[in-house]
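Observations on the model geometry
Letter by letter, the chains look like this.
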Amino acid sequence: MEFVYGMSLEELKMRTSKECYKGIKLLTPESSAVKKLSSSDIKVLSFLMRAAKEFDTVCYKLDNSKNIEFLEFLEKKEKQGDPAATLAKKMFLSQKSIFSPDALGNQTSLVKNLKKPEGLGFFPDDLSSKEFVNIIHQMVDDGEIEIVRQILNQRSVVVRDGKKLKAIDYVEYFPEFKEIAQNLKKAAKCCEDKMFANFLNKQAQALEVADPRLDAEADRAWAKLDEQTTFEFTICRECYGEKMSQAVLADKALMKKLKDLNISVYTKDALGARLGLVNKKGTRLLKKLQGLIKVASKFMPLKSEYSSPAEKSNSEGQIAIDADIIALTGDEGAYRASVVLAQNLPNDDKLSVQTGGGRRNVYHRQIRANFNKKLFKNLICEEQFKYFNPHASHLATICHENTHSLGPVSGSKLGAFSSILEEFKADMGMYAFLDEFKEAGYFSDSDCKQIIVTELASSFCKGKPSLTEAHRTRAVMICYRMLCERAITLNSENKLCFDFEKVKKTAKVMLEEVIRLQIDGDIKKAREYVEKWFVWSDQINMIAEIIKKFSKKLNGYLIMPFANELLNY
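Residues numbered from 1 in each chain as written. Predicted model: local features only at pLDDT ≥ 70, side-chain atom pairs only at ≥ 80, totals over all residues. Heavy atoms only, no water.

**A few points about the overall build of the protein chain**
Per the secondary structure count, the protein chain includes 28 helices and 13 strands. Taken over the C-alpha trace, the protein chain has a radius of gyration of 23 Å; the compact-globule value for 569 residues is 25 Å, and the two agree within 12%. Principal axes of the C-alpha set define a box for the protein chain whose edges measure 65 × 55 × 55 Å. Classification of the 569 residues of the protein chain by burial places 59% in the buried group. Long-range pairs, those at least 24 residues apart, make up 78% of the contacts in the protein chain with a sequence separation of at least 6. Accessible surface, the protein chain: about 23500 Å² in total, of which carbon and sulfur atoms supply 49%. A distance of 3 Å separates the average location of the 88 positive side-chain charges in the protein chain from that of its 78 negative side-chain charges. (Helix = DSSP H or I, 4+ residues; strand = E, 2+ residues; numbered from the N terminus. Rg over C-alpha atoms; globule rule 2.2 N^0.38 Å. Buried < 20%, exposed > 50% of the residue type's maximum accessible area, 1.4 Å probe, protein only. Contact = heavy atoms within 4.5 Å. Areas by Shrake-Rupley, 256 points an atom, 1.4 Å probe, with all protein chains shown as cover. Lys, Arg positive; Asp, Glu negative; His and termini not counted. Charge placed at Lys NZ, Arg CZ, Asp CG, Glu CD.)

**Points about the sheet that holds strand β10 (residues 360-364)**
Sheet architecture is open: five strands sit in the order β6-β7-β8-β10-β9, paired in mixed fashion. The sheet is open, and its two borders are formed by β6 (231-238) and β9 (342-345), each paired with just one other strand. Direction aside, neighbouring strands of the sheet carry axes that sit 35° apart on average. With four bridges joining them, β9 and β10 adopt antiparallel strand pairing. Paired with L345 across the strands is R360, a residue of β10. Here helix α11 (residues 212-223) sits on the sheet and contacts β6, β7 (270-278), β8 (319-330), β9 and β10; the angle it forms with β6, its principal contact strand, is near 135°. Contacts from helix α20 (residues 390-404) reach β8, β9 and β10 within the one sheet, and its direction differs from that of β10 by about 155°. (Pairing = 2+ DSSP bridges. Axes fitted to C-alpha atoms, helices over the stretch in contact; angles between N-to-C directions.)

**Description of helix α9 (residues 176-189)**
Given a rise of 1.5 Å per residue, 14 residues ought to cover 20 Å, and the 20 Å separating the end C-alpha atoms of α9 matches this to within 8%. Buried residues belonging to α9 abut α3 (39-63), α8 (170-173), α10 (194-208), β6 and β7. (Expected span 1.5 Å × (residues − 1).)

**Notes on the pairing of β7**
By the criterion of burial, β7 is predominantly enclosed, with nine of the nine residues buried. In this sheet, β7 lies alongside β6 in antiparallel orientation, the contact comprising eight bridges. In the sheet register, C236 faces β7, and the bridge partner there is G272. Judged from the seven bridges that link them, β7 and β8 form a sheet pairing that is antiparallel. Counterpart to L275 in the pairing with β8 is A327.

**Some remarks on the packing of aromatic side chains**
Counted according to the given criterion, the structure contains 22 aromatic pairs. Taking 5.7 Å as the distance between ring centres and 10° as the angle between the ring planes, the aromatic pair formed by F385 and F388 counts as stacked. Take F385 and F388: they sit in the same class, and that class is buried. Ring geometry for F437 and F443: centres 5.8 Å apart, planes at 85°, overall edge-to-face. In this pair, the class of F437 matches that of F443, namely buried. Among the aromatic side chains, those forming a connected cluster through ring pairs are F3, Y5, Y60, F70, F73 and F92. When the ring centre of F534 is taken as reference, the NZ or CZ atom of K464 above it lies at 5.1 Å. Across from the ring centre of W533, 4.2 Å away, lies the NZ or CZ of R481, which sits over that ring. (Phe/Tyr/Trp six-rings, centres within 6.5 Å; stacked < 30°, edge-to-face > 60°. Lys NZ or Arg CZ within 6 Å of the ring centre and 35° of its normal.)

**Description of empty space enclosed by the protein**
Per the stated rule, a full pass over the model turns up five cavities of 30 Å³ or more. Approximately 100 Å³ is the volume found for the largest cavity. Around the largest cavity, the lining residues are F199, Q203, A218, D219, W222, T234, I235, C236, R237, L345, P346 and K350. Those elements that provide at least two residues to the lining of the largest cavity are α10, α11 and β6. By residue number, the principal contributor to the lining of the largest cavity is β6, which donates four residues. Looking at the lining of the largest cavity, its residues break down into seven nonpolar, two polar and three charged. (1 Å grid on protein atoms, 1.4 Å probe; cavity = no way out; pocket = protein on both sides within 12 Å on 5 of 7 lines; lining within 4 Å. Points joined across faces, edges and corners; volume = space filled by probe spheres on them. Nonpolar A, V, L, I, M, F, W, Y, C, P; charged D, E, K, R; others polar.)

**Brief notes about the nonpolar core**
Counting 167 residues, the largest nonpolar core has F132, F233, I326, L421, F443 and F498 as the members making the most contacts within it. By residue number, the principal contributor to this core is α3, which donates 11 residues. Those residues within four positions of L421 in sequence are excluded, and the remaining contacts are L414, M477, V514, L517, Q518, A526, Y529 and V530. By size, the runner-up hydrophobic cluster in this structure holds 19 residues, among which are F73, A85, L87 and M91. (Core = buried A, V, L, I, M, F, W, Y, C linked by side-chain atoms within 4.5 Å.)

Here it is as structure tokens:
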């Protein structure tokens with residue numbers, strides 16, 4: 001197929017310029033962490049890198065049915081000397097998709113006149129959410145209960161079957177899984193760390209047999225890996241984008257039928273991989289701060305109204321790892337306006353958590369090292385700029401990730417607003433308990449002020465995002481609410497000033513509000529709440545204009561020198 005570029009050569013040049021397209025360098029062969037590795041360690045990592053690389057292809061398929069064909073088109077055109085192909089390919093490989101938002105909130109496409117399907121690559125391109133809901137209604141009425149259950153789970157690709165639909169489990173759908181499993185087994189065989197090798201073997205088995213219980217066993221083994229482990233390898237399973245499950249959740253009549261049949265509705269899992277080395281020094285700090293989650297758990301609002309599997313598991317003493325990142329691949333490495341900074345996994349919808357398994361937080365050292373100090377000097381008032389500290393952003397992220405383990409099980413029951421409100425909740429837990437964290441001896445007064453100034457200043461966007469961008473949507477909601485409550489004000493120079501007490505007080509109110517929404521599970525109320533606070537006000541727009549003066553960045557890419565060396569090992 002011949003594709004027509006969605007951008008001119010001039011636009012492609014602009015979007016891949018040094019100003020607009022920023023690279024983040026991951027672990028290098030020259031780093032001290034790499035130089036300490038034995039030849040056996042390098043061998044283990046080479047197999048893990050080969051496994052991780054396969055997730056790029058998996059991601060292309062799950063994101064859009066045209067992705068691989070378009071990449072082949074670009075490679076052909078590049079060989080023919082087409083400069084546009086080279087630039088479009090550079091963007092495609094970093095965003096892992098034909099489609100991507102940029103930092104201004106624009107939804108860009110590398111292909112002209114190509115519509116992004118509602119179901120991404122998880123569902124047929126020509127299937128609308130309305131038709132999908134109607135078909136599920138009919139299949140339920142026809143008694144095709146188990147097929148519907150498979151269609152609505154996290155781990156299947158849905159295809160047409162005559163006038164109806166059927167589901168193909170990821171294990172059966174992706175030939176790449178066999179190659180990934182084989183590389184994990186090879187890594188396990190030469191790995192001296194028995195606990196890590198056990199996890200790899202369980203993960204390999206879960207990729208070979210279509211059984212969620214095997215996923216749960218692998219998740220449990222992964223969640224127990226501590227700072228004694230040299231390696232960090234994760235198959236990341238999260239999704240923010242597909243709209244089909246959201247449409248089912250919004251149909252009250254269909255949801256009643258499904259509830260009566262004990263059928264749960266899940267968003268599909270996008271897939272990616274993370275490969276890294278456990279950073280001992282960074283992990284010691286996380287261990288020192290391990291008690292933060294116990295403090296937060298004690299003060300979470302409305303506790304008597306919900307039961308959280310996460311709080312019943314080992315989550316209050318959950319393991320946290322700081323990692324030097326070698327590679328992020330597949331959906332995990334997709335740079336779309338931003339890239340993942342840290343994660344708390346497995347999510348609520350995973351069987352391991354639902355049956356009492358633990359969670360594990362992993363923090364990405366190389367990703368968090370990027371701050372534009374000149375920008376923040378022009379954003380924050382002179383009196384409070386002394387509290388700007390990139391390290392405080394890491395402390396804030398720790399509190400954010402911890403809060404994901406607390407509160408009611410949210411899953412996807414709030415439809416399109418589930419991810420937005422879950423991320424919103426995590427940020428509120430980050431600000432709401434700062435006094436309690438200080439009283440417990442974890443943070444100083446200066447730490448708390450640094451967290452508020454650094455993280456809230458970082459929350460302002462340079463352009464209004466779409467509701468499909470959960471993290472950036474919640475950032476706009478928080479900034480607008482804090483401005484409305486005058487927890488944030490602008491001085492005569494239009495610089496940000498923070499009222500520390502009002503920030504904490506407002507965060508407590510907001511945390512209770514969002515937990516109320518998650519308990520009630522009312523999509524209409526969730527929509528109204530998001531619409532009320534997701535406002536691109538004049539003040540926010542004024543701040544965005546300041547940000548744009550000091551940051552031209554629209555998107556970015558990952559530079560993975562050690563990963564590339566491992567692929568050639």
